[in-house]
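Understanding the architecture of this molecule
Take a look at the letters that make up each chain.
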Amino acid sequence: MARADLAGGRAALALMWALAVALAALAPGRVWAQPADAAAVAARPEIVGGRVVTETRFRNLYPWTVALLYSGAGWRQVCGATLIGPDWLLTAAHCVTGTVAEDWRALVGTRWLSRGGERFAATEIVIHPDYNRRTEDSDIALIHLERPVPGAVPVAPATLAESDLHARAGTRGTVLGWGATQSGGRGTVVLHEAQVPVVGLATCRRMHARRGQITDNMLCAGYREGGVDTCQGDSGGPLVVRGDGGRWLQVGVTSFGWGCARPRNPGVYTRVGRFQPWIAGQILERSH
Ligand code: ARG
């Protein structure tokens, strides 16, 4: 007991120290990287370390990005999703587990949470049967909408072959969401985007604080030095890459992390390619 307490005390001290260091790093004026990396940091489009999605970019590039509004939060946005068919959304299982379809509305066709777009009620939630709340394995779910979105422009969930080809380690992916712009911060009213490189699973497991939790059904993306990441409220949203002919492929669903944008702790995404047959099967089976 005493030993454990002592260890606990030391852990608490270490934690306070880590916090102090983290806070110092966050202090205004302080840059994330050392001068050698400054150019690389500046070259990144300013989620954490991201930038606002302009109206043009939303309409031309990301019209399939959807906000999920939850009744239990006064119909505020709590997660992201993507339109993968006229009346089907892809999201994270952890967003919708323990809820019913009536609890959700999809806000479609706007980058603003405060104006524009159209709301669609959800009529069905399909959580992957292997989803594990404790480990976050198979963190993927589908939402059926009450009716097709008029003029819907869906994004294609990547097949395994496509993600092997187009989402190799080092590929730059784009993440999108209305989540917090820093660890412990608040969400944003306008959609943000950021670019993060895909990190190989072996590399990710070597450095990540949650290494023991990272299965082959997951995909890591982020910079070794941190600074750019998804964060709370981005869950369920997409990690996309450019496939053949420049069309967008969704290779990841935002799932979890260790804080946000910390060095050596890339964001963890559900590896969509692994679930693409399941997705296609469910949609086929349930659309009649
Ligand atoms: N689980 C979070 C959510 O519910 C998403 C966290 C992503 N975190 C990260 N560091 N990439 O919104």
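This text goes with the structure placed above it.
So, here is what we can say about the structure in this document. (Residues numbered from 1 in each chain as written. Predicted model: local features only at pLDDT ≥ 70, side-chain atom pairs only at ≥ 80, totals over all residues. Heavy atoms only, no water.)

1. Details of the overall build of the protein
What the protein contains, in helices and strands, is seven helices and 14 strands. Just so you have it, the protein exposes about 13700 Å², and 56% of that area is on carbon and sulfur atoms. (Helix = DSSP H or I, 4+ residues; strand = E, 2+ residues; numbered from the N terminus. Areas by Shrake-Rupley, 256 points an atom, 1.4 Å probe, with all protein chains shown as cover.)

2. Comments concerning the state of the cysteines
With the rule as written, the count across this model stands at three disulfides. Note on cysteine connectivity: Cys79 is disulfide-linked to Cys95, with sulfurs 2.0 Å apart. Of note, the bridge from Cys79 to Cys95 carries an S-S torsion of about -85° and is left-handed in sense. Placement of Cys79 in strand β3 (residues 76-85) and of Cys95 in helix α4 (residues 93-96) is noted, with a sequence separation of 16 residues between them. The residues Cys79 and Cys95 share a single accessibility class, namely buried. Here Cys204 is linked by a disulfide to Cys220, with a sulfur-sulfur distance of 2.0 Å. Here the disulfide of Cys204 and Cys220 is left-handed, its torsion about the S-S bond being about -80°. Of this pair, Cys204 sits in helix α6 (residues 201-207) while Cys220 sits in strand β11 (residues 218-221), placing them 16 residues apart in sequence. Given the relative accessible area of 0%, Cys204 is considered buried. Residue Cys220 is classed as buried on the basis of its relative accessible area of 0%. Sequential numbering of the bridged cysteines in the protein gives the disulfide pattern 1-2, 3-4, 5-6. (Disulfide = S-S within 2.5 Å. Buried < 20%, exposed > 50% of the residue type's maximum accessible area, 1.4 Å probe, protein only.)

3. A closer look at the pattern of salt bridges
Counted by the stated rule, this structure contains nine salt bridges. The closest approach of N and O atoms between Glu55 and Arg111, which form a salt bridge, is 2.5 Å. Separated by 56 residues along the polypeptide, Glu55 in helix α3 (residues 55-60) and Arg111 in the loop between β5 (104-108) and β6 (118-127) bring together distant segments of the chain. In this structure, the salt-bridge partner of Glu146 is Arg147, at a minimum N-O distance of 3.8 Å. Given a relative accessible area of 42%, Glu146 falls into the partly exposed group. Overlapping salt bridges, with partners in common, bring together Arg51, Arg57 and Glu193 in one network. (Salt bridge = Lys/Arg side-chain N within 4 Å of Asp/Glu carboxyl O.)

4. Some points on the pairing of strand β9 (residues 172-177)
Most of β9 sits out of view: five of its six residues are buried. Note that β9 and strand β12 (residues 238-242) share two bridges and pair antiparallel. Among the inter-strand pairings, Thr174 is bridged to a residue of β12, identified as Val240. (Pairing = 2+ DSSP bridges.)

5. Some details on the nonpolar core
Of all hydrophobic cores here, the largest spans 47 residues; its most connected members are Leu89, Leu142 and Ile279. Examining the composition of this core, we find that five residues originate from one element, helix α7 (residues 272-286), more than from any other. Not counting residues within four places of it along the chain, the set of residues in contact with Leu89 comprises Val66, Leu68, Ala81, Thr82, Leu83, Ile84, Ala106, Ala141, Leu142, Ile143 and Leu145. Listed in part, the 16 residues of the second largest apolar core include Ile47, Val228, Val251 and Tyr269. (Core = buried A, V, L, I, M, F, W, Y, C linked by side-chain atoms within 4.5 Å. Contact = heavy atoms within 4.5 Å.)

6. Structural notes on the packing of aromatic side chains
Per the stated rule, a full pass over the model turns up three aromatic pairs. Sitting above the plane of the Trp75 ring, Arg105 keeps its charged end 4.2 Å from the centroid. Over the face of the ring belonging to Trp112 we find Arg115, whose NZ or CZ atom lies 4.3 Å from the ring centre. (Phe/Tyr/Trp six-rings, centres within 6.5 Å; stacked < 30°, edge-to-face > 60°. Lys NZ or Arg CZ within 6 Å of the ring centre and 35° of its normal.)

7. Thoughts on the sheet that holds β3
Taken in spatial order, the six strands close into a barrel running β2-β3-β4-β7-β6-β5, and their pairing is antiparallel. Along the sheet, successive strands turn relative to each other by an average axial angle of 45°, direction set aside. In terms of strand pairing, β5 meets β6 through four bridges, oriented antiparallel. For Val108, the partnering residue across the bridge sits in β6 and is Glu118. Taken strand by strand, α7 contacts β3, β4 (88-91), β6 and β7 (141-145), and its axis lies near 30° from that of β7. (Axes fitted to C-alpha atoms, helices over the stretch in contact; angles between N-to-C directions.)

8. Considering the pairing of β4
Both faces of the sheet carry side chains from a regular strand, because those side chains alternate between them. Going residue by residue along β4, you find Trp88 and Leu90 tucked away on one face and Leu89 and Thr91 tucked away on the opposite face as well. In terms of strand pairing, β3 meets β4 through three bridges, oriented antiparallel. Residue pairing in the sheet places Leu83 in a bridge with Leu89 of β4. The loop that links β3 with its antiparallel partner β4 comprises two residues. Note: β4 against β7, four bridges, orientation antiparallel. Opposite Leu89, over in β7, you have Ile143 as the bridge partner.

From the geometry alone we can't say anything about function, so treat these as descriptive.
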